[in-house]
Amino acid sequence: MEDIKKAFEIANKTKIPLIPRAGATSGHGGTLVYKKGIIVDLTKLNRIIDIELMDQSVTVEPAVTFHDLEKALTMQSLALCSYPSSIYSGTIGGWIAQGGEGIGSLKYGSIIDLLLGLEVVLPNGSVKYYTEKEDFEMFVGAQGTTGIITKIKMKFRFDIPLKHIAFTFDNFTDMLKGLSRCREVEPFSVWFLNKHKVDYLNKTLGYILPSRHLVIVSKEISYDEEEKEFREKIYKIVREEKGQLISDYYIQGIWKARFKIFSILKEMDNYILGEVSIPLDYGAAYIENLPKKIDRKILIEGTMVSFSTVSIILNLVLKTDQSKIKQYKKFLKVYKWILKAIKIGGFPSATGLWFGGYYHTIYGKEREEKLLKFKKEVDKNNICNPDKVWSPKVKQLPLISLKTAIKIIGGLF
Amino acid sequence: MTNTNDFPLSIEKYVQQCIYCGYCSVCPTYKEIGWESNHPRGILKQIEKYINEDTSREEQKTLFQAVFDCTLCGACQNICLSDIPIIDIWIQMRKEAFDKGLWKQELVQVTEFVKTTHNIYGLEPEDRLKWTEYVNINLNRRVKKNKPVLFFFGCQASYSGKMMKIAESAVKVLRKAKVDFTVLGEDEWCCGSPIFLGGGFDLGKSLAKHNLEEIKKLGIKTLVTACSGCYRTFKNVYPNILGEEWNIEVLHFSELISKLIKEGKIEFKKELSEKITYKDPCELVRHTGVIQAPRDVILNIKNVRYEELISNKENALCCGGGGLLKINNRPLVEQVNDRLMDEIAYSEADIVVNNCPLCLDTISLGVKKKNLNVEVIDMTELVARAMGIKEKEEDKD
Ligand SMILES: Cc1cc2nc3c(=O)[nH]c(=O)nc-3n(C[C@H](O)[C@H](O)[C@H](O)COP(=O)(O)OP(=O)(O)OC[C@H]3O[C@@H](n4cnc5c(N)ncnc54)[C@H](O)[C@@H]3O)c2cc1C
Ligand code: SF4
Ligand code: SF4
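Conventions we followed
- Per chain, residues are indexed from 1 in the order of the written sequence.
- Chain A is the first chain written and ligand 1 is the first ligand written, with later ones labelled in order.
- Residues qualify for local features only when their pLDDT is at least 70, as the model is predicted, and side-chain atom pairs are given and counted only at 80 or more; totals for whole chains, interfaces and linings, by contrast, use all residues.
- Think of the side-chain values as coming from all heavy atoms in the structure, minus any hydrogens and water.
- Note on contacts: a residue pair qualifies if any of its non-hydrogen atoms lie within 4.5 Å across the two residues.
- Buried area: the sum, over both parts, of the accessible surface (1.4 Å probe) that disappears when the two are put together.
- In the sections that follow, a salt bridge refers to a side-chain nitrogen of Lys or Arg positioned within 4 Å of a carboxyl oxygen of Asp or Glu.
- Numbering of helices and strands starts at the N terminus; helices are DSSP runs of H or I of at least 4 residues and strands are runs of E of at least 2.
- Strand pairing follows a simple DSSP-based rule, namely that at least 2 bridges must link the two strands.
- For helices, the axis comes from a line fit to the C-alpha atoms of the stretch in contact; other axes are also lines fit to C-alpha atoms, and the angle between any two N-to-C directions lies between 0 and 180 degrees.
- One heavy atom suffices: a residue is near a molecule or strand as soon as one of its heavy atoms comes within 4 Å of it.
- Each residue is assigned to one of three groups, with Ala, Val, Leu, Ile, Met, Phe, Trp, Tyr, Cys and Pro labelled nonpolar, Asp, Glu, Lys and Arg labelled charged, and all others, Gly among them, labelled polar.
- Any residue under 20% of the maximum accessible area for its type is buried, any over 50% is exposed, and the rest in between are partly exposed; the area is computed with a 1.4 Å probe on protein chains only.
- For the purposes of these results, a polar contact is taken to be a pair of N or O atoms within 3.5 Å, where, inside protein, one atom must be able to donate a hydrogen and its partner to accept one; residues adjacent in sequence count only when each atom of the pair is a side-chain atom.
- Calculation of accessible area relied on Shrake-Rupley with a 1.4 Å probe; when residues are assessed, cover is drawn exclusively from the protein chains displayed.
- Where each domain starts and ends follows an automatic or database-derived domain assignment.
- UniProt positions are given in the numbering used here, feature names are shortened, and annotations may be inferred rather than shown by experiment.
- Residues enter patches when they are more than 30% accessible in relative terms and free of salt bridges; like-charged ones are connected within 9 Å and nonpolar ones (Val, Leu, Ile, Met, Phe, Trp, Tyr) within 5 Å.
- A residue counts as positive if it is Lys or Arg and as negative if it is Asp or Glu; His and the chain ends are not included.
- Note on charges: their place is set at NZ of Lys, CZ of Arg, CG of Asp or CD of Glu.
- Confidence per residue, as judged by the predictor, is encoded in pLDDT with a range of 0 to 100.
- A helix's residues, less one, multiplied by 1.5 Å, set its expected span.
- In this scheme, the bend at a residue equals the angle between the axes fitted to the seven residues that finish there and the seven that begin there.

Draft legend 1. The arrangement of the interface of chain A and chain B in detail. Counting residues at the interface gives 25 residues for chain A, matched by 26 residues for chain B. When the two sides are added together, the surface that chain A and chain B hide from each other amounts to roughly 2,000 Å², 51% of it contributed by carbon and sulfur. Sorting the residues of chain A by area buried against chain B places Met75(A), Tyr88(A) and Lys266(A) first, and these three jointly supply 30% of that buried surface. Between chain A and chain B we count three salt bridges in total. Among the elements that make up the side of chain A that touches chain B, the one with the highest residue count is helix 2 (residues 66-74) of chain A (three residues).

Pasting the structure below:
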């Protein structure tokens, strides 16, 4: 902490920006630097300080990875409430700063709902310990523009085993209707893959999943009766929404492999990835139209991040024989459709670099104004990850040079 | 960068395959060092630069130090989203370091020892079976005989006083189980493991050729070893180096015992009351996929009280001793080892069973340093105990 204070002192004197960095895994260019400066590598701040059973809290340094925390919790029959699928490399501080949502968020909320305390070194060199949600808001999703988080107190859950039920749908409309009813079973997570993604997984990773749109609902189950009730309710929903239950046998392995799904990228010579969250109510038509508007074979994977919102990852495999111009056009189409999702009430999963200027679509205008005011107060010299989150330049992404875009297509996403 | 044909591997292609997911941050040495230059992802980036651009002496030093500050535990490769053969790339870079004269003096010394004395300690080749004299075992009738099975002791079990128990227990178990085995004595040459791990393919190949010749002479069908380093070398490296000529079945001691149990040729007469845990050696679990056999052996012990370590099987923690790290960066070995000690302490086991002399040594040191109340033994010793073989059993062959 003293080192970080000192670093801010120097930065304020020299006007050289400081850019916090932890696991360097965040999406949409979240790891990238907007303005030249000094990288503050936080990875050595990786101690688990305390696990407190009485108030069900754990206190950690910011660069503890979810994987390491999970292991420490497992030793005491405890578990993570929610976590990103980058569990092995994503850090808790990084997840706060990029405003994470992930597996388990459906039941336990996004990272802000788990926070109990945040220690932050502010850009003006002062150290503050916050315990209120409205203060957390100044750091969650702020991409480290308002200070460097040095200690985190957050909730954990008791390690109640998860049971998974899987079912398939022939068309997306039915599937989305099915998803909207999942709240009836109070799930831990709901995860879905479109038919093309299922086919791709079967082809590349050797699964034998039925070639239809697939949904996996997971729930914490403590006793047999509870499981029975869970199954009965799901069976009813699936039948009513024209779905097809599939045997547990099919999904053995795929739940375990949820962290490794991105490994299909290695099978692709070139690809485009995009991610956006959309409201379920009027997002159905949007998702349904994606194959028509972007590409017939677009791969879609999604998770419900709340009962009214799904986060979807769009993945387009580019053919090597396609001209660079054609590839670029595809890229623009994906980007356009992500912007379209934002227009209909959706939002990017994080601002990162590509969605600078879209903070308000995620957190609302009021919070953005508060954040801007706070930033001005604590960072008069604008030396803490400057221009990230708000940079207007990225709005012009579709207009950037072809070469840059091709590079992005090549995997910078 | 010089071209190597020994393990043809398109390093350039693979380094570009990295998608920067960072999963390889599970790396035990990176966790201790903390710099991106030691993160497998960061090392790949440095290699990419090294291949494609002019790099300064300083940059090269950082890169080569990083590929040696590694236990070759395989945790990165095991988890890699892009299936990049990281270990092979590191080894190829180590060869590059050798070609550039950047090997550490200690590694050059070990290589010299192996070249001249055929063991890693530089001790007399004719003393390979000297240990038998200390434990009152006579192996004369088994040295270089035409037999179906060869037991390969490895340099550590043959020469190191700390590891002698492994050799002794293995021999007693094999005899009691009536395995028709021979040993090579003076003609057992270092399998080449440390040499290959350093990227010294030429010397390694000559060792492999010698061992193959001896094996062929005796008509051996199956090679058994209790050393996971030797096992990995025979299983993964020899077929690459020697091609089809290497058609020997290779079994780890625990695989053989598991097989003998299934065939009813071994019986565990003695009940062990201690709580047991098992540390998977990286070279067995991630390099060669030996996971179940050791567990089958332990679980066959009467009324056994067995518990897994928190990180087990493919996710087992590294003890820190592998990949020549002991030669290249001793303090780092201890740091890596500390994390494993926390898990061993948490297990509250009375016995931690190992399956590799190197792990046995490293874990024993860690247990001593942390003052843990746990006995560290090798699988050979556990099996001997479970079979009711007495410590001072008289020599019968
Ligand atoms: C395969 C894969 C799957 C993923 N799945 C998910 C998912 O399911 N859900 C999800 O939300 N994300 C996901 N992500 C994105 C990302 O991994 C996570 O959000 C992760 O938690 C980010 O942490 P990090 O340590 O990598 O942060 P970094 O990328 O290092 O940093 C992210 C931002 O936070 C700032 N920052 C980092 N640490 C601090 C700190 N201590 N104080 C202040 N600012 C800081 C940085 O300046 C940067 O702006 C995934 C990424 C990958 C590669
Ligand atoms: S082999 Fe092990 S020590 Fe070496 S880089 Fe990979 S994870 Fe790290
Ligand atoms: S796990 Fe593999 S793909 Fe991911 S960063 Fe490490 S080397 Fe690259």
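Draft legend 2. Local environment of the sheet that holds strand 15 (residues 299-306) of chain A. All names here are of chain A. Spatial ordering of the open sheet is given by 13-10-12-11-15-16-14, a layout of seven strands whose pairing is antiparallel. Every other strand in the sheet has two partners, leaving strand 13 (244-246) and strand 14 (270-279) as the edge strands with one partner each. When strand polarity is set aside, the average angle formed by the axes of neighbouring strands in this sheet is 20°. As paired strands, strand 11 (residues 189-193) and strand 15 are joined by three bridges and run antiparallel to one another. Bridge pairing in strand 15 places Leu 193 opposite Glu 301. Taken strand by strand, helix 11 (residues 280-293) contacts strand 14, strand 15 and strand 16 (309-318), and its axis lies near 160° from that of strand 14. Lying on the sheet, helix 12 (residues 324-343) is in contact with strand 14 and strand 16; it crosses strand 14 at an angle near 10°.

Draft legend 3. Highlighting the site of ligand 2. All names here are of chain B. Around ligand 2 sit 13 residues, and of these Cys 27, Cys 70, Cys 73, Gly 74 and Cys 76 come closest. Secondary structure elements with two or more residues in the shell around ligand 2: helix 2 (28-33), helix 5 (75-79) and helix 6 (86-99). Classifying every residue of the shell around ligand 2 by side-chain character gives 10 nonpolar, three polar and no charged.

Draft legend 4. A look at the pattern of salt bridges. Taken as a whole and assessed by the stated rule, the structure comprises 58 salt bridges over all chains. Residue Lys330(A) pairs with Asp295(A) through a salt bridge whose shortest N-O separation is 3.1 Å. Taken together, the residues Lys330(A) in helix 12 and Asp295(A) in the loop between helix 11 and strand 15 connect sequence positions 35 residues apart. The same class applies to Lys330(A) as to Asp295(A), namely buried. The partner of Asp361(B) in a salt bridge is Lys326(B), with the nearest N and O atoms 3.1 Å apart. Of the two residues, Asp361(B) sits in helix 19 (residues 357-370) while Lys326(B) sits in helix 17 (residues 325-328), which places them 35 residues apart along the sequence. There is no split in this pair, since Asp361(B) and Lys326(B) are both buried.

Draft legend 5. Quick peek at the site of ligand 1. Residues and elements named next belong to chain A. Around ligand 1, a shell composed of 32 residues is seen, among which Pro 20, Thr 25, Ser 86, Thr 91 and Glu 101 lie nearest. Here Ala 24 contributes a backbone N or O atom positioned 2.8 Å from an oxygen atom of ligand 1. With respect to ligand 1, the side chain of Gln 98 contributes an N or O atom lying 2.8 Å from an oxygen atom. Its free accessible area being 980 Å², ligand 1 has 91% of it covered by the protein chains. The greatest single-element share of the shell around ligand 1, amounting to five residues, is contributed by helix 3 (residues 92-98). A breakdown of the residues in the shell around ligand 1 according to their chemical character gives 12 nonpolar, 17 polar and three charged.

Draft legend 6. Summary view of the domain arrangement of chain A. Residues and elements named next belong to chain A. Once the domains are mapped, chain A shows domain 1 (2-158) and domain 2 (162-348). Listed as interface residues are 15 residues of domain 1 and, on the opposing side, 14 residues of domain 2. Summing both partners gives a buried area of about 1,400 Å² for domain 1 against domain 2, and 62% of it is carried by carbon and sulfur. Considering only the surface of domain 1 that becomes buried against domain 2, His 28, Ile 103 and Leu 106 emerge as the three largest contributors, covering 42% of it. Here domain 1 and domain 2 share two salt bridges between them.

Draft legend 7. Inspection of the UniProt feature "domain: Cysteine-rich" (unreviewed entry) in chain B at higher detail. Residue and element names in this part refer to chain B. In the UniProt entry, the feature "domain: Cysteine-rich" (unreviewed entry) is given for residues 149-235 and 276-362. A helix fraction of 55% and a strand fraction of 11% characterise residues 149-235, whose end C-alpha atoms lie 16 Å from each other. Taken end to end, residues 276-362 has its terminal C-alpha atoms 18 Å apart, with 46% of it in helix and 10% in strand.

Draft legend 8. Molecular detail of a positive patch on the surface. Residue and element names in this part refer to chain A. Taken together, the side chains of Lys 203, Lys 292, Lys 293, Arg 296, Lys 297, Lys 319, Lys 326, Lys 329, Lys 333, Lys 336, Lys 340 and Lys 343 define a basic patch exposed on the protein surface. A total of six residues in the positive patch trace back to one element, the largest contributor, which is helix 12. With respect to the element layout, Lys 340 can be found in helix 12. Owing to a relative accessible area of 42%, Lys 340 belongs among the partly exposed residues under this scheme.

Draft legend 9. The arrangement of the domain arrangement of chain B in detail. All names here are of chain B. Under the domain assignment, chain B is made up of domain 1 (4-102), domain 2 (106-260) and domain 3 (266-386). At the interface, 16 residues of domain 1 touch 17 residues of domain 3. Together, the buried faces of domain 1 and domain 3 total about 1,300 Å²; carbon and sulfur atoms form 57% of this surface. The largest share of the area that domain 1 buries against domain 3 comes from Glu 32, Thr 71 and Cys 73, three residues that together contribute 39% of it. At the boundary of domain 1 and domain 3, one finds seven residue pairs in polar contact (both at pLDDT 80 or more). If you list the elements that add at least two residues to the side of domain 1 that touches domain 3, you get helix 2, helix 5 and helix 6.

Draft legend 10. The side chain of Asp280(B), seen in detail. Residues and elements named next belong to chain B. Within the element layout of this structure, Asp 280 appears in the loop between strand 5 (275-278) and helix 15 (282-285). Owing to a relative accessible area of 2%, Asp 280 belongs among the buried residues under this scheme. Only 2.6 Å separates the side chain of Asp 280 from the side chain of Arg 295, close enough to count as a polar contact. Here Lys 313 takes part through its backbone nitrogen, which lies 3.0 Å from a polar atom of the side chain of Asp 280.

Draft legend 11. Geometry of the confidence of the model for chain A. With 95% of its residues at a pLDDT of at least 70, chain A reaches an overall mean of 89. Taken together, the stretch residues 398-413 of chain A has pLDDT below 50 and engages in 31 contacts with residues farther than four places along the chain or on a different chain.

Draft legend 12. Structural detail: the pairing of strand 6 (residues 115-121) of chain A. All names here are of chain A. Burial of strand 6 is extensive: six of the seven residues sit out of reach of the surface. In this structure, strand 6 lies alongside strand 8 (residues 148-155), joined through six bridges in antiparallel fashion. Each residue of the ladder has a partner; that of Glu 119, found in strand 8, is Lys 151. Of the strand pairs in this sheet, strand 6 and strand 7 (residues 127-130) are connected by four bridges, and their pairing is antiparallel. If you follow Glu 119 over to strand 7, its bridge partner there is Tyr 129. Hairpin connection from strand 6 to strand 7: five residues lie between these consecutive antiparallel strands, with Gly 125 at a positive phi of about 95°.

Draft legend 13. How the structure looks around the environment of Ala7(A). Residue and element names in this part refer to chain A. Positionally, Ala 7 belongs in helix 1 (residues 2-14). A residue is classified by how much of its surface remains accessible, and Ala 7, at 23% relative accessible area, is partly exposed. C-alpha separation for the pair Ala 7 and Ile 38, spaced 31 residues apart in sequence, amounts to 9.4 Å.

Draft legend 14. Quick peek at helix 18 (residues 330-347) of chain B. With 18 residues, helix 18 of chain B extends 26 Å from end C-alpha to end C-alpha; this agrees with the ideal 26 Å at 1.5 Å per step. The sharpest bend along helix 18 of chain B reaches about 25° and sits at Asp338(B). If you check which residues of helix 18 of chain B are buried, you get Leu332(B), Val333(B), Val336(B), Asn337(B), Leu340(B), Met341(B), Glu343(B), Ile344(B) and Ser347(B). Turning to helix 18 of chain B, the residues buried within the fold contact helix 2 of chain A together with helix 2, strand 5, helix 17, strand 7 (351-354) and helix 19 of chain B. The positive-phi residue at the C-terminal boundary of helix 18 of chain B is Glu348(B), with phi of around 55°.

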